[in-house]
Amino acid sequence: IEFKQVSIVGDKKGVKLSMINLVDLAGSEKASQSGATGDRLKEGSAINKSLSALGNVIAALADKATGKGKPGAIIPYRDSKLTRLLQNALGGNSKTIMICAVSPASSNYEESLSTLRYANRAKQIKNKAEVNEDPQAKLIRELREENEKLKKMLEGKGPVQSEAREGESAEEFQRRIAELEQKKKEEINQMESALAEMQKSWEEKLREAQQQQKPQEEEIIDLSQPHMINLNQDAQLTGKVFHTFAENTQYWVGRRAQDWTPNIVLTGLGIQVKHAQITVKDGVASMIVFPESGDYTFINGETIETCVPRPLVHGDRVLFGQNYFFFFVDPRCVGETGTGKQMIEKGTVSFESAFEEFSKKQNMLGDVGASRQSQADMEAEKQRYEEQRAVAEAEKKAAEEEALKKLQEQEEEHQRRIREVEEKVAGKEEEYKRRMEELEAEKRRAQEQAQIEFDNRMKELQRKEKEMEAKAKERQQLELDTRLIDEKLMVVMPQVKEANLIAQELGKPYVLSVKLHVRPLGFQRKRTDIAIQVEENGRHVYDWDPDTMENRQYMMRDLFERWCEDPESIVNLPEEEDPFWDPIQHCRMIGTARCYLEGLALQLENEVEAKIMSSSGQECGSLMIEVWPLAADGSLELPDEELVENPEDLIGGKMQFKLVVSAAKNLPEHLANDVYLEYDFYLDTDQSALTKVGPVEGFSKDPKFSYERIFSQDTVTQRFLEYLQTGAITFYIYGNDSRATQAEKERLAMREARKLAAAALQADVPATTQPAEQCGADAAAPAPQAPLDSARSGGAAVPVSA
């Protein structure tokens, strides 16, 4: 139930809103008493679960109200949808009344008692309802009230001090009253001005601020001097920060310290206290980078030599630290390219182009860049398509003209022969009639033959046209996918770079890199996904998707801020609080192999050694596959009566074939453990519908599968025939990574080392207990004490036998 109160003051309208929520809670369900089964039992279980969550929320709120709860305790509103919906009613800005129903029957004694306890806990919750009011509207209302009071005081209706003080003359009294009235009038005028200012619309305020800002910018920023302008990922923030450089003056770029404030103050990862120095001499600007900041400063995407002045050229893109992009403007070259703002408006410089330049020259893409189709290649392919389409249109037009010309020639030839017959058999009616029938029959045969040739020619042209259209759609989809991948990479790569810098600052043994994973989807389609590969101590341990990377980025920043405030606060950080930590992924995809089925449409067997291609496009082994068409009785030899000349003749009949997967060869050594494969066929589009083969237990670079399966298609349809002619069976090969197993052992060793170090610190004695992984001769010798810093930083302070 919603209540709305509207009040109008002058030309302003105010709305006061209140809401009443009526909630009918279901009672608890006892299966033993209700006898519910099936869906009713599940529904009762869900009701009891929601009521339990509600009881936990009420208990937490009651403890908070009575002072029994822990400071900062979280109220579990999100444990169920019921408590989430009732969050405002239970502990928000509201007043809540709960009515509980109890039964007078003695058989319901326990339920009644439980309900009364429930109600008693709810009764202990104390909410204080307040009117939510817009702060600006509240301030305007208070100013109006104060203004009215002042006016009443001036009119003599309010409590104004109007009596003469002791020893005060009449003239002094009148003068003091006049000053008081003047002061009150000034206060009224100030309040009215403030009210008028506050009641201005946002657009009016923005317009006035822009008008005031223009002369200030022209007055403060001298763009006749060399200067730098910022580039930001948000286009609205690009070109908003200017740094000008006067002649013969040193300008420091860096981070503020206790006794040091540089001219250009930057913060964040990679920014040093004294990061760089910029000077201008004889109109030429140059920049010096120091050794500690050399790895975090780039010009036009390239690192620069430290401690050597590097001249800045008009249009240079400069990167400081993680994401501070600027471009340099030389006033002497403005006439050629325009001012800095004009260069931004024209698109001559942008954050995207500067970052892409930096990524390419620093090889941030790695093998990602090699696997992406360049814009030039796509343009060339598009040009080839346009040329082929023009040729096809010309061929089609020429075929139509040729057919029409041929028909005209046949008609002329037919008329000529009729005239010859008329001349030869003049007066012989029967002979004339017979010859005319022969000519008509010959004409029909010629026309039918010409029509057949024309139809075949047009079918061939239409087939080529369909193929071109399919290629055009594929190219357009590729362009769209490439744009989407580029947009995602523009977001992911800065995140990965920032994560690596944070890991380096915190001494974490993690290195992140961007990879493109290409997965075939059948029918010669493929999908490209972005994955973030995480390495721990140089070993690939798991992959993250972009959503996980974005979530972890915020956690990494929080951890970095904690470290900046107190480095000791992240010592012995629990694994569940470490944003870099995840369970190690042991099973990984080795690659995919494809077996094309076009031979089945021609009723031919196919024995192939299919290449296994990794997600990065590298060959990583082969898979031995055989496909055999079967006769109606299941034999391998097809009788002559079942053979067809045209694949179209298979439609409507039954087809059987045999798939054999014998073995794989030359698999990567680190992934050749417990190898298995999955494959899809025809309509298997869901990942859960894939057929699994194996695993072959243990280590083997050449695992033997010895797998056979007979497929039977009761009725061959046009779609199934197209699948055979253009589709393929895709095999996904998986194996356990031995490097991941080794990384797991190292993690366990480091965990034991941290426990030993913590125990040694508590007992204040050297730790002499061996880790659980050590055995045999190593177990007899005392292990050296593990320094806490070494254990935390991922060093090899504790020896571990394999």
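Quick caveat: nothing in here was measured; it's all calculated off a predicted structure.

Calculation rules
Residues numbered from 1 in each chain as written. Predicted model: local features only at pLDDT ≥ 70, side-chain atom pairs only at ≥ 80, totals over all residues. Heavy atoms only, no water. Helix = DSSP H or I, 4+ residues; strand = E, 2+ residues; numbered from the N terminus. Expected span 1.5 Å × (residues − 1). Buried < 20%, exposed > 50% of the residue type's maximum accessible area, 1.4 Å probe, protein only. Contact = heavy atoms within 4.5 Å. Axes fitted to C-alpha atoms, helices over the stretch in contact; angles between N-to-C directions. Parallel < 35°, antiparallel > 145°, perpendicular 65-115°, else oblique. Left-handed = near helix turned anticlockwise from the far one by under 90°. pLDDT = per-residue confidence, 0-100. Salt bridge = Lys/Arg side-chain N within 4 Å of Asp/Glu carboxyl O. Pairing = 2+ DSSP bridges. Polar contact = N/O pair within 3.5 Å; in protein donor to acceptor, adjacent residues only side chain to side chain. Phe/Tyr/Trp six-rings, centres within 6.5 Å; stacked < 30°, edge-to-face > 60°. Lys NZ or Arg CZ within 6 Å of the ring centre and 35° of its normal. Patch = residues over 30% accessible without salt bridge, like charges linked within 9 Å, V, L, I, M, F, W, Y side chains within 5 Å. Areas by Shrake-Rupley, 256 points an atom, 1.4 Å probe, with all protein chains shown as cover.

This next bit is on helix 2 (residues 39-66). Look at helix 2: 41 Å from first C-alpha to last across 28 residues, which is about the 40 Å you get at 1.5 Å a residue. Restricting attention to buried positions, one finds in helix 2 the residues Gly44, Ile47, Leu51, Ala53, Leu54, Gly55, Val57, Ile58, Ala59, Leu61 and Ala62. Tucked inside the fold, the buried residues of helix 2 contact helix 3 (81-85), helix 4 (87-91) and helix 5 (109-123). Following helix 2 by one or two positions, Gly67 adopts a phi angle in the positive range, close to 85 degrees.

Moving on to the environment of Ile1. Mapping Ile1 onto the fold places it in the segment before strand 1 (2-9). We classify Ile1 as exposed; its relative accessible area is 59%. Expressed as a C-alpha distance, the spacing of Ile1 and Ser18, which sit 17 residues apart in the sequence, is 8.6 Å.

Before going further, it helps to examine unusual backbone geometry. Along the chain, Gly694 connects to Pro695 via a cis peptide bond; the corresponding omega equals 15 degrees. Turning to its location among the elements, Pro695 is positioned in strand 22 (residues 691-699). You will see that Cys307, though not glycine, has its phi angle at about 60 degrees, which is positive. Along the chain, Cys307 falls in the loop between strand 10 (302-303) and strand 11 (310-311). Phi at Asn666 is positive, roughly 55 degrees, even though this residue is not glycine. Mapped onto the secondary structure, Asn666 falls in the loop between strand 20 (655-665) and strand 21 (673-679).

Here helix 2 crosses helix 5 at 40 degrees, and the two axes come no closer than 8 Å. Regarding the angle of helix 2 to helix 5, the classification is oblique. For helix 2 against helix 5, the interelement crossing comes out left-handed. Together, Leu51, Leu54, Gly55, Ile58, Ala59 and Ala62 of helix 2 and Tyr118, Arg121 and Ala122 of helix 5 make up the contact between the two elements.

Looking at the protein chain as a whole, its pLDDT mean stands at 78, while 84% of the residues score no less than 70. Across residues 369-373, confidence stays below pLDDT 50; counting only partners more than four residues off in sequence or on other chains, it has ten contacts. Throughout residues 767-802 the model reports pLDDT below 50, and contacts reaching past four residues in sequence, or to other chains, amount to 56 contacts.

According to the stated counting rule, one finds 17 salt bridges in the structure shown. Across the pair Glu43 and Arg40 runs a salt bridge whose closest N-O atoms are separated by 3.4 Å. A residue pair is termed a helical-turn pair when its members lie 3 or 4 positions apart in one helix, as Glu43 and Arg40 do in helix 2 at three residues. The exposed category is assigned to Arg40, whose relative accessible area is 54%. Residue Arg747 pairs with Glu536 through a salt bridge whose shortest N-O separation is 2.9 Å. Taken together, the positions of Arg747 in helix 18 (residues 738-763) and Glu536 in strand 15 (residues 525-536) put the pair 211 residues apart, joining distant regions of the chain. For the pair Arg747 and Glu536, one class covers both residues: buried. What you see here is one network of salt bridges that share partners, running through Glu302, Arg317, Glu357 and Lys361.

Backbone-to-backbone hydrogen bonds join strands into a sheet, with any given pair of strands oriented parallel or antiparallel. With antiparallel pairing, six strands are arranged side by side in an open sheet as 4-3-13-12-9-10. The open sheet has two edge strands with one neighbour each: strand 4 (242-244) and strand 10. The sheet contact formed by strand 3 (residues 227-231) and strand 13 (residues 324-329) spans five bridges and is antiparallel. The residue bridging His227 from the neighbouring strand is Val329, located in strand 13. Its contacts with the sheet put helix 11 (residues 351-361) on strand 3, strand 9 (297-299), strand 10, strand 12 (317-320) and strand 13, and the angle it makes with strand 13 is roughly 105 degrees.

Relative to the elements of secondary structure, Gln533 occurs in strand 15. A polar side-chain atom of Gln533 sits 3.0 Å from a polar atom in the side chain of Glu535. Filtering out sequence-adjacent residues up to four positions away, Gln533 remains in contact with Val511, Leu512, Ser513, Lys515, His540, Tyr542 and Asp543.

Turning next to the environment of Val675. Along the polypeptide, Val675 turns up in strand 21. On the basis of relative accessible area, Val675 is assigned to the buried category, the value being 1%. When the C-alpha atoms of Val675 and Asn736 are compared, they prove to be 7.1 Å apart, with 61 residues separating the residues in sequence. When residues no more than four places from it in sequence are discounted, the contact partners of Val675 are Ile590, Leu667, Pro695, Val696, Ser700, Pro703, Phe705, Ile733, Tyr734 and Gly735.

To continue, consider the sheet that holds strand 6 (residues 264-265). Spatially, the five strands line up as an open sheet ordered 6-5-7-8-11, and their pairing is mixed. In the strand order of this sheet, the two ends are held by strand 6 and strand 11, each with one partner. Taken together, the two bridges between strand 5 (residues 250-254) and strand 6 define a ladder with parallel strand orientation. In the sheet register, Val253 faces strand 6, and the bridge partner there is Ile264.

Going through the model one piece at a time under the given rule, you end up with 21 aromatic pairs. Ring centres 6.1 Å apart and planes at 15 degrees place the aromatic pair Phe351 and Phe355 in the stacked group. Of this pair, Phe351 and Phe355 both sit in helix 11, separated by four residues, roughly a single helical turn. For the pair Phe351 and Phe355, one class covers both residues: buried. Look at Phe681 and Tyr723: their rings are 5.6 Å apart centre to centre, the planes differ by 80 degrees, and that puts the pair in the edge-to-face class. Of the two residues, Phe681 is situated in the loop between strand 21 and strand 22 and Tyr723 in helix 17 (residues 718-726); the sequence distance between them amounts to 42 residues. Residue classification places Phe681 among the buried positions, given a relative accessible area of 11%. According to the relative accessible area criterion, Tyr723 is buried, its value standing at 2%. Above the face of the Trp252 ring, Lys274 is positioned so that its terminal group lies 5.3 Å from the ring centre.

A few words on a nonpolar patch on the surface. Together, Val6, Ile8, Val15, Leu17 and Met19 make up a nonpolar patch on the protein surface, roughly 510 Å² of accessible area in all. Elements with a contribution of two residues or more to the nonpolar patch: strand 1 and strand 2 (12-19). The element best represented in the nonpolar patch is strand 2, accounting for three residues. Mapping Met19 onto the fold places it in strand 2. For Met19, a relative accessible area of 54% corresponds to the exposed category.

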